[in-house]
Amino acid sequence: MQTNEFHKPVLLETAIEFLITDPNGIYFDGTLGGGGYSELILKKISREGRLIATDLDDAAINFCNEKFKDENRIIIVKENFRNIRTIFKKLNVPKIKGAVLDLGISSYQIDSPSEGFSYRFETDFDLRFDKTKGNPAYEFINQMEAKEIAEILRIYGEERFAFKIARVIENYTKKKSIRKTNELVDIISKVTPRHKLNDTLSRVFQAFRIYVNDELNNLKTFLNDVIDLIESGGRIVIVSYHSLEDRIVKEFFNLNSQNCSCPPEFEKCICGKKMRLKKLTKKIITPDESEIKLNPRARSAKLRAAEVL
Ligand SMILES: C[S@@+](CC[C@H](N)C(=O)[O-])C[C@H]1O[C@@H](n2cnc3c(N)ncnc32)[C@H](O)[C@@H]1O
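Computed from a predicted model, the values in this text were never measured in an experiment. (Residues numbered from 1 in each chain as written. Predicted model: local features only at pLDDT ≥ 70, side-chain atom pairs only at ≥ 80, totals over all residues.)

> Just give me the short version of the nonpolar core, but keep the residues and values in it.
Formed by 51 residues in total, the largest nonpolar core has its most connected members in A15, L19, Y27, I41, I236, V237 and V239. Top contributing element to this core by residue count: strand β5 (residues 230-240), with five residues. Ignoring anything within four residues of it in the chain, the contact list for Y27 reads L19, I41, I45, L51, I96, K97 and G98. Counting residues in each nonpolar core, the second largest holds 25 residues, with A166, F205, A207 and V212 among its members. (Core = buried A, V, L, I, M, F, W, Y, C linked by C-beta atoms within 7 Å. Buried ≥ 20, exposed ≤ 12 C-beta atoms within 10 Å, placed from the backbone. Helix = DSSP H or I, 4+ residues; strand = E, 2+ residues; numbered from the N terminus. Contact = placed C-beta atoms within 7 Å.)

The following block contains the structure:
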C-alpha cells in the first residue's frame, strides 16, 4: 500500500515548514499514521537530524516500520504521545527542536472494517486506537445511564438530540448489551430522520471515540509537557479537526504567550508567570479550496504553531 492510500496528509507542506528550523535537529511526530508528515520531515532534515515518531495503532506502526525499514534516522515507538516525557527519558533524549501533532484518525482507520471506527461496517463497537489497552466503547455504553451518554454526545459530539438518542440507547441496554456497530446504528436510526442519519452517526461515533481514548486530556498533557522539552527557538505545530481540540491549543498558546495571568483588577502581578511562547499563527491556518477538493476530509483541519522562547 502507498502512503496516500493509507492516509492523505492534510496541510502537509505548511505544517512541516513551520516545524523545521534546524536540519540537524531532533524532531517529534506524535501521530505517525501513514507516515506522510514523517516522510517529509526526513526529507528536510540532514543526515545528522533525527525523528522520533509515535502512534497507538498497530496498523500504523506496522505500515511505517515497513515504509521506513531502510531509514536509520527515525525511531518508531508504539506509545501515546501524552507520554512524551517518559518516551524521551527512555530514549535518553534531553531536548528537541520541534514537535508536531496531526490529530484525529487516519483514512485507513475510517475505511478499514477491522479497525472498528466506522458505523459503515459491522464490527465490534470498540473505537480504541490501541485495542490492547483500556476498555472498548461497548463496555462503557452498556454500563452508562442515559444522562452520562447524553453528556458525551452533547460535549464531544455537539449533538442537538443528545438526550433523545441517549434514552433509546439506555432503553436497549437495560434489556440487552450492545456489542456491534450495527446494533447501535439500528437503535439510533429509530429516532433519527433518514436524511440526517449519517451525520448523526458520525457525531455519535466521534463523541465516543474522543471519550474512549481520552483525547482531550491526551492533548492537554502533551502540551504541558512538550513545552519543557523543546529548545529555545524550536516549534510546536498542531493540526486539529475538532473545535474543542482547537480551543485547547488556542488557550494554551494564549496563556503561554503572556507574561502574567493575574486578573486585570490586580494592581501588581502575584503569579510571576513568564512568557514562554511566541505565537506564529495569529489566526488559524486552514486548507485552501484546492486541497479540500482533492481531499474532502481536510475540510475541518485547523493549524496553529508557536515558537518556544
Ligand atoms: C490523522 S492521523 C495522522 C496522519 C499522519 N500525519 C500522516 O501524514 O499520515 C492521526 C494518527 O494519530 C494516531 N493517534 C491519535 N491519538 C494518539 C495518541 N494519543 N498517541 C499516539 N497516536 C495517536 C492515530 O492512531 C492516527 O494514526
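From this point, the narrative continues.
> Go over the packing of helix α5 (residues 84-91) against helix α12 (residues 215-229), please, and point to the residues and values.
Where α5 contacts α12, the axes come no closer than 9 Å and their chain directions differ by 40 degrees. Regarding the angle of α5 to α12, the classification is oblique. Packed against α5, whose contacting residues are I84, R85 and F88, the element α12 presents F222, D225, V226 and L229 at the interface. Tallied by class, residues from the contact of α5 with α12 come to five nonpolar, no polar and two charged. (Axes fitted to C-alpha atoms, helices over the stretch in contact; angles between N-to-C directions. Parallel < 35°, antiparallel > 145°, perpendicular 65-115°, else oblique. Nonpolar A, V, L, I, M, F, W, Y, C, P; charged D, E, K, R; others polar.)

> Tell me about the site of the ligand, residues and numbers included.
Surrounding the ligand, one finds 23 residues, the nearest of these being P9, T31, G33, G36 and D102. Only α3 (36-44) and β2 (50-55) provide two or more residues apiece to the shell around the ligand. Of the residues in the shell around the ligand, the class split is seven nonpolar, 12 polar and four charged. (Near = placed C-beta within 6 Å.)

> Please provide a residue-by-residue account of the sheet that holds strand β3 (residues 74-78), values included.
Spatially, the seven strands line up as an open sheet ordered β3-β2-β1-β4-β5-β7-β6, and their pairing is mixed. The two strands at the open ends of the sheet, each matched to only one other strand, are β3 and β6 (277-279). Here the average twist between neighbouring strands, direction ignored, is 15 degrees. Pairing of strand β1 (residues 26-29) with strand β4 (residues 96-102), which is carried by three bridges, proceeds in the parallel orientation. Directly across from Y27, in β4, lies its bridge partner G98. Helix α2 (residues 12-19) contacts β1, β4, β5 and β7 (302-308) of the sheet and is inclined by roughly 160 degrees relative to β5. (Pairing = 2+ DSSP bridges.)

> Please set out the domain arrangement of the protein residue by residue, giving values where relevant.
We note that the domain assignment places domain 1 (3-108 + 215-308) and domain 2 (130-212) within the protein. Inter-centroid distance (C-alpha atoms) of domain 1 to domain 2 is 30 Å. (Domains from an automatic or database assignment.)

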